[in-house]
Amino acid sequence: MSSPSVYIKTYGCQMNKLDSALVTSALRAAGFSFTDNANEADVVLINTCSVRDHAEQRVLSHLGHLKHLKKTRPGLMVGVIGCMAQRLGEKLFQHEAVDLVCGPAQIPQIPQLLADALQEKKKTLAIKQKIRQTKKPEDQNLALEQFESAYGIEDRQLPGQAYVRVMHGCNRFCSYCVVPYVRGPEVCRPPTAIIEQIRKLADAGVKQVTLLGQTVNSYKYTAGEKTYCLADLLATASNIAGIEWLKFVTSYPAEEFLDEILQAMADSPKVCHYLHMPAQSGSDKILRAMSRHYTAAQYLELLDKARAIVPDIAVAGDFIVGFPGETEEDFQATIDLTRKAKYKNCFIFKYSPRPGTRADEKLQDNTSAEVKKRRNIELLAVQERISDELSRDFLGRQVKVLVEGLSKKAHLNLDQSSSERQLVGRTAEDWIVVFNGPISLAGQLAKVKITKTSPLTLFGQLC
Ligand code: 5AD
Ligand code: SF4
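Residues numbered from 1 in each chain as written. Chains lettered and ligands numbered in written order. Predicted model: local features only at pLDDT ≥ 70, side-chain atom pairs only at ≥ 80, totals over all residues. Heavy atoms only, no water.

Visitor: I'm lost on the site of ligand 1 in this one. Help?
Guide: By nearness alone, every residue bordering ligand 1 is listed as Val51, Arg52, Tyr176, Gln280, Asp318, Ile320, Phe349, Lys350, Tyr351, Ser352 and Arg354. Between ligand 1 and the protein, one listed contact pairs an oxygen atom with a side-chain N or O atom of Asp318 at 2.6 Å. Between Ser352 and ligand 1, the recorded distance is 2.8 Å, taken from a backbone N or O atom to a nitrogen atom. Alone, ligand 1 offers 410 Å² of accessible surface; in the complex the protein occludes 86% of this. Along the lines of polarity and charge, the residues of the shell around ligand 1 split into five nonpolar, two polar and four charged. (Near = heavy atom within 4 Å. Polar contact = N/O pair within 3.5 Å; in protein donor to acceptor, adjacent residues only side chain to side chain. Areas by Shrake-Rupley, 256 points an atom, 1.4 Å probe, with all protein chains shown as cover. Nonpolar A, V, L, I, M, F, W, Y, C, P; charged D, E, K, R; others polar.)

Dropping the structure here:
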């Protein structure tokens with residue numbers, strides 16, 4: 001077969017999107033081509049998420065469609081990669097459609113595995129069986145590191161922007177979370193590799209780099225006498241010509257390194273005033289049951305400190321509602337914390353028991369679906385009022401925006417005869433801004449005067 005074509009579908013977080021981009025680059029380099037139409041593909045790869053049951057159900061339903069597609073296209077090869085591949089392993093072969101199962105740590109092998117599988121038409125399993133028993137994780141991750149350095153420059157998701165992973169895995173083991181089991185232990189990438197990658201991205205025209213890690217603020221790498229933390233990466237990356245904005249996600253609410261990071265934010269005009277730091281709950285009892293190692297008061301103290309060092313910092317959060325044992329009183333404590341934290345926006349999730357996690361094994365999922373839904377809606381409404389209030393501050397102000405491209409939703413009246421389109425971008429503080437302008441602005445920084453606000457989106461005119 002000459003140049004087999006691949007269709008890749010990605011579920012889940014930025015880490016997964018980044019993995020898909022790396023796999024795409026590696027497959028291109030190995031001679032594969034790509035298609036946007038699964039019906040035309042020789043290979044369908046599904047990069048999966050296990051963080052909630054809903055994400056896994058979507059993948060299973062996708063596999064159901066592929067089973068039908070395979071009836072008309074028997075040569076089609078289907079690969080499941082990512083977190084669900086690691087979690088379920090060869091059980092996924094019980095699904096008729098699946099030919100290849102490959103965990104997150106094995107993605108460097110995908111080009112070879114696919115080439116072999118296409119030739120030999122056999123089922124292929126590539127997952128690390130003992131994902132957490134790594135004596136020297138740095139050595140074991142050499143292949144991943146080489147893969148990342150080689151392919152981390154191309155296939156960006158948005159013009160002018162790139163994501164750079166600074167660490168793999170997680171050591172926190174929050175009781176509800178599957179990530180440490182599917183992504184393995186925390187392994188930090190060498191600062192030289194990260195900085196080199198950012199330099200190459202800048203040379204390729206990238207203006208904004210977002211550093212990625214499950215607990216990005218705990219980044220730590222010792223080389224010789226010196227230990228590097230995230231603040232060192234931010235300071236060094238700030239000196240790279242061409243890089244305008246640096247962001248980082250996701251932060252864990254802990255003292256460790258936070259001062260240094262906030263100081264780097266205050267000191268460098270390139271480090272964006274944006275902190276995504278999930279609280280997960282406002283109840284100390286629930287935080288304990290979640291194995292989050294802070295109280296609501298300590299969390300708020302961290303935010304106070306952040307605002308003392310960077311007064312205009314925008315904060316985003318995550319919450320889980322309906323965690324086992326969450327009473328109305330606990331939920332009220334979450335509402336209370338949300339009000340005090342003054343988030344720019346929040347991501348709110350209904351608790352989903354994940355097999356193998358301590359919460360699933362030791363605690364009963366005793367909040368009904370109805371109650372979880374009601375709490376979700378209620379908390380969203382509280383946050384919406386806060387976002388609305390914060391957004392109003394922007395009315396009449398000029399903001400700098402990194403333009404992403406065409407806005408998916410139609411918001412503004414547009415003169416049909418004009419060459420302008422409805423564009424969307426984000427400010428350094430991560431506010432979404434919609435305005436009319438030429439599409440050539442995609443990937444560029446633009447100045448926009450805000451003329452209208454809403455809880456999640458600011459609207460304006462190009463200056
Ligand atoms: N159920 C619901 N939400 C979860 N999250 C992680 N695990 C679960 C779970 N089992 C949420 C947390 C985390 C975000 C990425 O997903 O809020 O910050
Ligand atoms: Fe999951 Fe907790 Fe690690 Fe975040 S810090 S990835 S919630 S275990």
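Next comes the rest of the write-up.
Visitor: What exactly am I supposed to notice about the pattern of salt bridges here?
Guide: Two side chains bearing opposite charge may form a pair once their charged atoms approach each other closely. Scanning all chains against the criterion turns up 25 salt bridges. Note that Arg183 is salt-bridged to Asp19, the shortest N-O span being 2.9 Å. With a gap of 164 residues between them, Arg183 in helix H7 (residues 179-183) and Asp19 in helix H1 (residues 14-29) connect regions that are remote in the sequence. Comparing Arg183 with Asp19 shows no difference in burial state: the two are buried. As a salt-bridge pair, Arg87 and Glu56 come within 2.8 Å of each other at their nearest N and O atoms. Here the residue Arg87 occupies a position in helix H3 (residues 83-88), and Glu56 occupies one in helix H2 (residues 53-72), the gap between them amounting to 31 residues. Take Arg87: its relative accessible area is 24%, and that puts it in the partly exposed class. (Salt bridge = Lys/Arg side-chain N within 4 Å of Asp/Glu carboxyl O. Helix = DSSP H or I, 4+ residues; strand = E, 2+ residues; numbered from the N terminus. Buried < 20%, exposed > 50% of the residue type's maximum accessible area, 1.4 Å probe, protein only.)

Visitor: Where do I start with the sheet that holds strand E13 (residues 245-249) in this structure?
Guide: The pairing of strands in a sheet comes from backbone hydrogen bonds and takes either a parallel or an antiparallel form. Read across the sheet, three strands follow the order E7-E10-E13 without closing on themselves; strand pairing throughout is parallel. Among the strands making up the open sheet, the edge pair consists of strand E7 (161-165) and E13. The mean inter-strand angle of the sheet, taken between neighbouring strand axes irrespective of direction, is 25°. Of the strand pairs in this sheet, strand E10 (residues 208-212) and E13 are connected by five bridges, and their pairing is parallel. Across the sheet, Leu211 pairs through a bridge with Phe248, a residue of E13. Relative to E7, H1 is tilted by about 100°, and along the sheet it contacts E7 and E10. (Pairing = 2+ DSSP bridges. Axes fitted to C-alpha atoms, helices over the stretch in contact; angles between N-to-C directions. Contact = heavy atoms within 4.5 Å.)

Visitor: Can you walk me through the side chain of Ser251 in this structure?
Guide: Tracing the backbone through its elements, the reader meets Ser251 in the loop between E13 and helix H10 (258-267). Those residues in contact with Ser251, other than ones at most four positions away along the chain, are Val216, Asn217, Leu275, His276, Met277 and Pro278.

Visitor: Looking at this model, I keep getting lost on the site of ligand 2. Mind explaining?
Guide: The environment of ligand 2 is formed by Cys170, Arg172, Phe173, Cys174, Tyr176, Cys177, Val179, Pro180, Gln214, Thr215, Tyr252 and Arg292. Of the residues in the shell around ligand 2, the class split is eight nonpolar, two polar and two charged.

Visitor: So what exactly am I meant to see when it comes to the sheet that holds strand E6 (residues 124-126) here?
Guide: In spatial order, the strands read E2-E1-E3-E4-E5-E6; together these six strands make up an open sheet with parallel pairing. With partners counted over all chains shown, the strands left at the sheet margins are strand E2 (33-34) and E6, one partner each. Bridge count between strand E1 (residues 5-10) and E2: two bridges; the pairing is parallel. Bridge pairing in E2 places Val6 opposite Phe34. Docked against the sheet, H1 engages E1, E2 and strand E3 (43-48), running at close to 170° with respect to E1. Against the sheet, H2 touches E1, E3 and strand E4 (77-82), its axis set at about 170° to E3.

Visitor: What am I meant to see in the packing of helix H8 (residues 191-203) against helix H9 (residues 230-238) here?
Guide: For any two helices packed against each other, one specifies the crossing angle of their axes together with the interaxial distance. Look at H8 against H9: their axes get within 10 Å of each other, and the N-to-C directions meet at 35°. You can see that H8 and H9 cross each other, and the crossing is right-handed. Within the contact between the two elements, H8 uses Pro191, Ile194, Ile195 and Ile198 and H9 uses Leu233, Thr236 and Ala237. Across the contact of H8 with H9, the residue classes break down as six nonpolar, one polar and no charged. (Left-handed = near helix turned anticlockwise from the far one by under 90°.)

Visitor: Help me out: how do you make sense of the nonpolar core in this one?
Guide: What tends to happen in soluble globular proteins is that the nonpolar side chains get buried as a cluster. Of all hydrophobic cores here, the largest spans 72 residues; its most connected members are Ile198, Leu211, Leu230 and Phe248. Top contributing element to this core by residue count: helix H12 (residues 296-309), with six residues. Residue contacts for Leu230: discarding those within four places in its chain leaves Val166, Leu211, Val216, Asn217, Tyr219, Phe248 and Ile261. Counting residues in hydrophobic clusters, the runner-up holds 23 residues, among them Ala38, Val78, Met84 and Ala97. (Core = buried A, V, L, I, M, F, W, Y, C linked by side-chain atoms within 4.5 Å.)

Visitor: Help me understand the packing of aromatic side chains, please; the structure alone is not making it clear to me.
Guide: For the structure on display, the rule yields eight aromatic pairs. A ring pair is formed by Tyr176 and Phe323, whose centres lie 6.4 Å apart and whose planes are at 85°; its orientation type is edge-to-face. Here the residue Tyr176 occupies a position in the loop between strand E8 (167-168) and H7, and Phe323 occupies one in the loop between strand E15 (314-321) and helix H13 (328-341), the gap between them amounting to 147 residues. Here Tyr176 and Phe323 have matching classes, each one buried. Centroid distance Phe323 to Tyr351: 5.2 Å. Interplanar angle 70°. Geometry classified as edge-to-face. Here the residue Phe323 occupies a position in the loop between E15 and H13, and Tyr351 occupies one in the loop between strand E16 (345-350) and helix H14 (358-362), the gap between them amounting to 28 residues. A connected cluster of aromatic rings, assembled from ring pairs, spans Tyr176, Phe323 and Tyr351. A cation sits over an aromatic face here: Lys9 above Tyr11, 5.2 Å from the ring centre. In this structure, Lys452 is placed above the aromatic ring of Phe459, and the distance from its NZ or CZ to the ring centre is 4.7 Å. (Phe/Tyr/Trp six-rings, centres within 6.5 Å; stacked < 30°, edge-to-face > 60°. Lys NZ or Arg CZ within 6 Å of the ring centre and 35° of its normal.)

Visitor: Please explain H1 as it appears in this structure.
Guide: The α-helix winds at 3.6 residues per turn, so residues separated by three or four positions along the chain end up facing the same way. Between the first and last C-alpha of H1 there are 23 Å, a value that for 16 residues agrees with the 22 Å anticipated at 1.5 Å per step. Judged by how many residues are buried, H1 sits mostly within the fold: 12 of 16 residues are covered. All of the buried residues in H1 are Met15, Asn16, Leu18, Asp19, Ser20, Ala21, Leu22, Val23, Thr24, Ser25, Ala26 and Leu27. Note on H1: the residue one or two positions beyond its end, Gly31, has a positive phi of about 100°. (Expected span 1.5 Å × (residues − 1).)

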